[in-house]
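Structure assessment
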Amino acid sequence: MRKTQSKIKLLLVMCMAFILAANAQPGTSGTHIPKYDLVIVGGTPSGIMAAIAAARLGKTSVILERTAHVGGLPANGLGATDIATRGATTGLFTEFVARVKKYYIDKYGAASDQVKDCSEGYHFEPSVAEKVFGAMLKEDSSKITVLKMRQFDAEPQNIELLSGKIARITVLNRETKKNEEFAGSVFIDATYEGDLGAAAKIPFRVGREGKDEFNEPGAGRVYKYWQGAEGPGTTNQADNAVQSYNYRICLTNDPSNSLPVEKPVNYNRQEYVSMIEDVWTGKHTGVQMLEVTPAMMEDNRKTLAAGGITKIPGDRWGIGKITNMVQLPNHKTDGNNQHMAFISTDLPEENWPWPTSDWNWRDAFAERLKSYTIGLIYFAQNDKELPESFRKATREWGLAKDEYSDNGNFPRQVYIREGRRFEATCFFTAKDATAVSPGKRPPVHPSSVTASHYALDSHAVRKREPGKIHLDGFISYPTSVYTVPLGVMVPRQVSNLILPVPVSGSHIGFSTIRMEPCWMALGQAAGITASLAIDGRSRISDVNTEQLQNKLIDQKATLIYYKDINPSSADFKMVQFMGLKGYLPGWEARLDAPVDKQQVLLWNKLSGLKKTISQGAITRKQMLASIYLSLNKVK
């Protein structure tokens, strides 16, 4: 009996010790250092999706987020989802979109204006994005730990590298002011800046390549009318310029939910005065200016003096002169920089040091940008040298008082369009997103982890320059739906690090990948890749690509896009597999069409099989299914 009691006491002591260790401050001196399957730096959408994808495969994660809120830019004003072809990127991204739509249906009703304005879930208020991300994380809370106010600094003392692997990292708890350590099997850099990758000494690029390096449209120094051709001053030379940042401001014209924009403490009117003539004359940066004459501009001045509004083709009016607004539910907008203006919410040049600077510098710039942005709106609404009709129209808008209530109703995060771009096993350039010939696809990457689609798109890198038709580097060039290879986020130097946000590519190549839907998809792929590496005890670079792709497809990800097939289709997995192997080079799978002789010859050549099929005897689906089964049997 005594022996039994002693054993029970010992067991209780051991259990208590375990509980105390588990509840100790993470990694503080002399305490237990927690270890997770995945250590994710950055509570961005990409980081969130990495954790969720891994959790669904049974893996634990910790998300270390610097601020008091997760969700990155979608939770900070980027409510108009940047994707050119809906359905090109799916998986956890479209799960997020579907949940946004459901939120509005549940709260306001299916026939409500809010559901209409959410555009099938692709447009949302900042607070709704944060709620949806939070709900998704909560469902896997047994596997995912979210720690906020944890700052990682890209300093060598904050990372321990052993034999080409990250063993642990050190972060600052911004609330306690103490350092904490975290160990993991795989580490994911989901920051917009690429701080973890830099600390791990992965080679990276900042700035713009010249056209001579990859022969990309828009490379180097470029001046072009918006939606027009390149103009005088264009040299296409490389430089260290970084595309500008801004805040995606949430404005409303609903008087019951609008707060007036107050004059900022550090207001500097001289920063905005060149806009005065732009408003009076209707001058802007669009291609329509090629047809605008001095007489038209003078006539516009007279119209405005008489209380009218601009008549110049392409000119924007009121708040639209300084922000490009997309409607969101509840009378709100996603207010981005205005592409057609010389002065808007972007602040070029001053952000160039951001990617490689410390957080003291970044925080100071964030405050500078906030003051500049508020000052810009205040100027447009109040400066007496502007037309009264313009000021009146601009004053219709104010800050939404039910957003960012803990931050003066202003976004909490700067929109970091581009930070470090790492040099990984694959390097993405414009050619990877550009059709090989008109109507065709871009090159198909057999190792694709997502399809995506957005223009080659960069914001300005320099402020207004006398005589120039637009700001340097403000460009957009068309692309086609493309595939993104796994290698853009897999570095060579460190075997347990994945980089789904600061991916590998040129400035122009990165300019299309850098959209949140693609980053979410890459985060999902990163979470699955990490899980497979852990299960196989392998390097990230040694993960079996087809095994990864099968897991992605199981989680409804689209790896190659077809107009007539989606993840709910019974043949989706087969089409994805065969498409990446070159069997379906067109934009449609056309599974129900009869197979023709030319198709039989091509598919036999690709498969190495010798199927004899009469023309029109069976459908494309039937022959593809036969080849698909044969290829999988070989494995």
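A brief look at the structure comes next.

**A closer look at the overall build of the protein**
The secondary structure content of the protein amounts to 17 helices and 19 strands. The principal-axis extents of the C-alpha atoms in the protein amount to approximately 95 × 80 × 55 Å. A burial count over the protein gives 57% of its 635 residues as buried. Looking at the protein alone, contacts between residues at least 24 apart form 73% of all its contacts between residues at least 6 apart. When the accessible surface of the protein is summed, it comes to about 26200 Å², and 52% of that surface belongs to carbon and sulfur atoms.

**Re the packing of aromatic side chains**
The full count for this structure, using the stated rule, is 24 aromatic pairs. With 6.0 Å between their ring centres and 75 degrees between their planes, Phe 204 and Phe 422 make a pair best called edge-to-face. Of this pair, Phe 204 sits in strand E8 (residues 204-205) while Phe 422 sits in strand E14 (residues 421-422), placing them 218 residues apart in sequence. Here Phe 204 falls in the partly exposed class, since its relative accessible area comes to 33%. Through successive ring pairs, a cluster of aromatic residues spans Tyr 245, Trp 354, Trp 359, Trp 361 and Phe 365. Just above the ring of Trp 359 sits the side chain of Arg 66; from NZ or CZ to the centre is 3.9 Å. Positioned above the aromatic ring of Tyr 477 is the side chain of Lys 224, whose terminal nitrogen or guanidinium carbon lies 5.2 Å from the ring centre.

**Some words on the sheet that holds strand E13 (residues 398-400)**
Strand order in the open sheet made by the five strands is E10-E13-E9-E12-E11, with antiparallel pairing throughout. Both outer strands of the open sheet, strand E10 (258-259) and strand E11 (323-328), are each paired with one neighbouring strand and no more. Pairing geometry for E10 and E13, over two bridges, is antiparallel. Counted as the bridge partner of Ser 258 is Ala 400 from E13.

**Looking at the packing of helix H2 (residues 45-55) against helix H5 (residues 126-139)**
Relative orientation of the contacting elements H2 and H5 amounts to 20 degrees, with a least axis distance of 10 Å. Taken together, the axes of H2 and H5 lie roughly parallel to each other. The two elements H2 and H5 meet at a crossing, and its hand is left-handed. Contacts between H2 and H5 involve Pro 45, Ile 48, Met 49 and Ile 52 from the first element and Phe 133, Met 136 and Leu 137 from the second. A breakdown of the residues in the contact of H2 with H5 according to their chemical character gives seven nonpolar, no polar and no charged.

**A word on unusual backbone geometry**
At Arg 537, a residue that is not glycine, the phi angle is positive and equals roughly 50 degrees. Position of Arg 537 relative to the elements: it lies in the loop between helix H13 (516-536) and helix H14 (545-554). On the accessibility criterion, Arg 537 (81% relative accessible area) is exposed. Even without a glycine there, the phi angle at Arg 590 is positive, about 50 degrees. Along the polypeptide, Arg 590 turns up in the loop between helix H15 (572-580) and helix H16 (597-607).

**Points about the environment of Pro 255**
With respect to the element layout, Pro 255 can be found in the loop between strand E9 (249-252) and E10. Each C-alpha atom of the pair Pro 255 and Ala 400 lies 9.6 Å from the other, and the pair is 145 residues apart in sequence.

**Let's talk about the nonpolar core**
With 153 residues, the main nonpolar core has Phe 96, Ile 169 and Met 489 as its most contacted residues. Ignoring any residue separated from it by four or fewer positions in sequence, one finds Met 489 in contact with Ala 424, Val 449, Leu 497, Ile 498, Leu 499, Pro 500, Val 503, Leu 522, Ala 525 and Ala 526. Tyr 223, Val 292, Ile 312 and Ile 469 belong to the second largest nonpolar core, which has seven residues in total.

Rules of the game
- The written sequence of each chain sets the order in which its residues are numbered from 1.
- This being a predicted model, a pLDDT of at least 70 is required before a residue's local features are given, and a value of 80 or more before pairs of side-chain atoms are given or counted; all residues contribute to the totals for chains, interfaces and linings.
- Side-chain metrics in this entry use all non-hydrogen atoms of the structure; hydrogen atoms and water are not considered.
- Every helix listed is a DSSP run of H or I at least four residues long, and every strand listed is a run of E at least two residues long, numbered separately from the N terminus.
- In this scheme, a residue with accessible area under 20% of its type's maximum is buried, one over 50% is exposed, and one in between is partly exposed, where area comes from a 1.4 Å probe on protein chains only.
- Residue contacts are defined here by distance: any two heavy atoms, one from each residue, within 4.5 Å place the two residues in contact.
- Every accessible area reported is derived by Shrake-Rupley at a probe size of 1.4 Å, with residue values counting cover from the shown protein chains alone.
- Any pair of Phe, Tyr and Trp rings, taking the six-membered ring for Trp, is counted once the centres come within 6.5 Å. Such a pair is stacked with planes under 30 degrees apart, edge-to-face with planes over 60 apart, and tilted for the rest.
- Charges are assigned to positions over rings by a cutoff of 6 Å between ring centre and Lys NZ or Arg CZ, combined with an angular limit of 35 degrees from the ring normal.
- Strand pairing requires that DSSP identify at least two bridges connecting the strands.
- As a rule, the C-alpha atoms of each element are fitted with a line to give its axis, helices using only the stretch in contact, and angles between N-to-C directions run from 0 to 180 degrees.
- Angle categories: roughly parallel below 35 degrees, roughly antiparallel above 145, roughly perpendicular from 65 to 115, and oblique for all the rest.
- Handedness of a helix crossing follows the sense of rotation of the near helix relative to the far helix, less than a right angle counterclockwise being left-handed and clockwise being right-handed.
- Each residue is assigned to one of three groups, with Ala, Val, Leu, Ile, Met, Phe, Trp, Tyr, Cys and Pro labelled nonpolar, Asp, Glu, Lys and Arg labelled charged, and all others, Gly among them, labelled polar.
- For our purposes a nonpolar core is just a set of buried Ala, Val, Leu, Ile, Met, Phe, Trp, Tyr and Cys residues, chained together by side-chain atoms within 4.5 Å.

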